Amino acid sequence: MKPGRFSEEHWVELNDGALLATEVFFPEVLPQTVIFTRTPYDKSQLRAVAQGWTREGFVFVAQDVRGRYRSTGEWIPYRNELQDGSAAVDWIVRQPWSDGRVIASGASYGSFTAWGSAKHPSVCGVISEVPAGGHRRAHLDDSGILRLAEFVQWTLRHGWGRESCDPAELPGRDVLAEMLLTLPIHSVFRGIPPGLRGWGFEQFLDDLGLDEAISQCTVPTLHIGGWYDLFLGETLRQWSLAGSSAGALPEKRLVIGPWGHALSSPDTSEAGGRDHGPASQLALGPLQLAWAHSILDPAGPSTALSRGERVFMMAKNTWLEAWPEPESRELDLILDVDQMLRGRASGGSGISQCTYDLANPRPSLVWQSDRGSLRTRTDALYFRTETVEHGFAITGAPRMTLRIPENDSGGDWICHLNQILPDGKALRLCSGAGVVEPGVSQLTLELNETAIWCVAGSCLELELATGDFPFLARNLPGRDRYHDVAVESVTCQGLLTGAGGSILHLPISGASIPESEGAFL
C-alpha cells in the first residue's frame, strides 16, 4: 500500500489465465483481518460498505467475478464461483496487509461466492445475507416450479454480457408481459441476445457443490434474512445445514427480520402491508462487526449483538432469542365441507372443486396487497377459522396434507395462509406450492416459515389456488410445462374435505386455546 492511499486495484490471475479485478480498501494500521466479498454487480458499488469495515480496522477486499465488469474470462452465472473464490483467498493471504485471517461475506449472489471460499483454511468465518443458492435455489420454487417472473427479469438484466443493463433498458411492461406468456417456456428468450439462446433448464439440476461446502463448513457462520425475502427458505436452509457434516458443529447465528431482499432500512419500518415498529430497524452493520470481533477473539467482551439468535415476531414487534420456538406445538385444522377450518370435522365428507384456466391464470400479488381482491375468481378454494378470541403465535412452517379425489387430473396447488384483520383486510402470512400428478391421492405441501402474532379479533384464511402467474410458471395439463404448448385450456381440480379429508398442520405457541374447545375447534 502506498502512503495516504485508501484503496488500490489489483488483478488476481487464475490458473486458466482469467484476471479478476480486485479492489483493496485499507484501515490506518496494517496488517489486519480481511473482509472479502465477490460480486457480479460491480465491485465499485461496495465502497460505502468498505468504508464501514475499514473504519473499524479491517481490510476490505471487493472483487468482480469472472467475466463481469473489469474481470476477464467467460461469464456463466454461478458456474465457477466455488473454485475462483478459493484461488482469490490464496492471493489475499500472501499479501503484506493481510494477517492471514479472512471472513468471507456476501449478499444474494454474493452469498454463493462467499461459500466458494469457506473451505479455505485461512477463512475463519462466513457472513451469508439473503442468499441466492445457485440457479436451482434462486429460480425454482421448492415444488420444482419455475419462478418465471424472477428468472426472466434477473436474466434480462444480469444474465449475459459484461455489465448489467440499466432498468430503463429492459423491455417495456407490454413486451415483458408477452414474454412471460410465451409457450413453450423454453423459448421465452427467442430474439434476445445470442449469448442466452443456448440456455436450457438443465442448469437448475446441479447445485455446483454448494451444499457440500455449507455442510462441511468448520468455521462460525452468520445468516441474515427477511420474512418477506424471496430467499427466506434458502437462508433458513443454509443456517440449518451449516457445519452439519463437519464433526464438531461450529457456532452459527441466525438473524431474521421483517424485511425484503434489501434487509433493514432506516427509512421505513413498513413491509408486507404492516408497520413493524422502530424495533424492526436493526442496525446490521454494528451487528456484523460485533459478530466478527467475537469470532476473532472468543475470550473478548461479549455483547447482545454478538450472541444468540435474533428472530422478529411480527405483529408483536419483538425479537425472539431462540429459534425454533421451544414451546411451539402443532395444531391440526381440518378443511371442512362448509369451507371452515376446524379442529375436528362437523360431520360427513365431500369434494371441493375449482377451475384452472391456462388462458386466464390466477394473477400474482405482491406481499402488501389485500388478497381479498381475488375472492370473486373461481380458481381458488377458501377455508376460514372463526374469529379468534385470544392472541396466539404462528412460529414455524405450516404444512398441508392435501387429499386428492379419485380420477382427479392433477395440477398445481398454491397455498397462501392469510390473516383476516379486524378491518377486513386479508394479508398473506406464508405460502407454498405443490404439484399433483395424475393418479396421486395425497400430497404434503410445506409453506415457508414465519413468526407472527395473530391478534384477537382476527381469523385465519386458507387460500388454495390453481395458479400464481407470473410468479410461478403456468401448468400445462398433461404436458411438459417447459417444452410443450397446451391443448386444453380450462380444467377442474378438487380436494377431499371434511372427515378423512385435507388438513392444515399449524405450528403455534402462546395460544390460550383449549385442546377440546375454542374458536378453532
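Presented here is an overview of the structure given in this document. What you see is a predicted model, and the numbers here were worked out from it, not measured in a lab.

Describing the side chain of Asp84
Part 1 of the reasoning: Within the secondary structure, Asp84 sits in helix α2 (residues 81–93).
Part 2 of the reasoning: For Asp84, a relative accessible area of 4% gives the class buried.
Part 3 of the reasoning: Of note is the side chain of Asp84, whose polar atom sits 2.9 Å from the side chain of Arg66.
Part 4 of the reasoning: Apart from residues no more than four positions distant in its own chain, Asp84 is found in contact with Leu14, Leu20, Arg38 and Arg66.

Section: the packing of aromatic side chains
Part 1 of the reasoning: According to the stated counting rule, one finds 13 aromatic pairs in the structure shown.
Part 2 of the reasoning: Taking the centre distance of 5.2 Å and the plane angle of 80 degrees together, the rings of Tyr228 and Trp367 count as edge-to-face. Linking Tyr228 in the loop between β7 (221–226) and α8 (232–241) with Trp367 in the loop between β15 (349–357) and β16 (380–384), this pair joins segments that are 139 residues apart in sequence.
Part 3 of the reasoning: Look at Trp367 and you get buried, because its relative accessible area is 17%.
Part 4 of the reasoning: Here the aromatic residues Tyr41, Trp75, Tyr78, Tyr109 and Phe112 are joined through ring pairs into a cluster of three or more.
Part 5 of the reasoning: The ring of Trp319 carries the charged tip of Arg310 above its face, separated from the ring centre by 5.0 Å.
Part 6 of the reasoning: Over the ring of Trp453 we find Lys316; its NZ or CZ atom is 4.0 Å from the centre of that ring.

Quick notes on the side chain of His223
Part 1 of the reasoning: Considering the arrangement of structural elements, one finds His223 in strand β7.
Part 2 of the reasoning: When residues no more than four places from it in sequence are discounted, the contact partners of His223 are Trp115, Ser128, Thr235, Gln238, Trp239, Ala242, Lys252, Arg253, Leu254 and Val255.

Observations concerning the nonpolar core
Part 1 of the reasoning: Core analysis: the largest hydrophobic core is formed by 74 residues, its most contacted members being Trp227, Met400, Trp413, Leu417, Leu462 and Leu464.
Part 2 of the reasoning: Sort the elements by how many residues they give to this core and helix α9 (residues 284–296) lands first, with seven residues.
Part 3 of the reasoning: Excluding residues that lie within four positions of it along the chain, Leu464 makes contacts with Leu335, Asp379, Ala380, Leu381, Phe383, Met400, Leu402, Trp413, Ile414, Cys415 and Leu495.
Part 4 of the reasoning: The next biggest cluster of nonpolar side chains, apart from the first, holds 38 residues, and it includes Leu14, Trp91, Val102 and Trp115.

Description of the environment of Leu374
Part 1 of the reasoning: Along the chain, the position of Leu374 falls in the loop between β15 and β16.
Part 2 of the reasoning: Sequence spacing of Leu374 and Pro363 is eleven residues, and the spatial spacing of their C-alpha atoms is 8.5 Å.
Part 3 of the reasoning: Setting aside anything within four residues of it in sequence, one finds Leu374 in contact with Arg362, Pro363, Leu365, Tyr382 and Glu463.

Rules behind the numbers
Residues numbered from 1 in each chain as written. Predicted model: local features only at pLDDT ≥ 70, side-chain atom pairs only at ≥ 80, totals over all residues. Heavy atoms only, no water. Helix = DSSP H or I, 4+ residues; strand = E, 2+ residues; numbered from the N terminus. Buried < 20%, exposed > 50% of the residue type's maximum accessible area, 1.4 Å probe, protein only. Polar contact = N/O pair within 3.5 Å; in protein donor to acceptor, adjacent residues only side chain to side chain. Contact = heavy atoms within 4.5 Å. Phe/Tyr/Trp six-rings, centres within 6.5 Å; stacked < 30°, edge-to-face > 60°. Lys NZ or Arg CZ within 6 Å of the ring centre and 35° of its normal. Core = buried A, V, L, I, M, F, W, Y, C linked by side-chain atoms within 4.5 Å.

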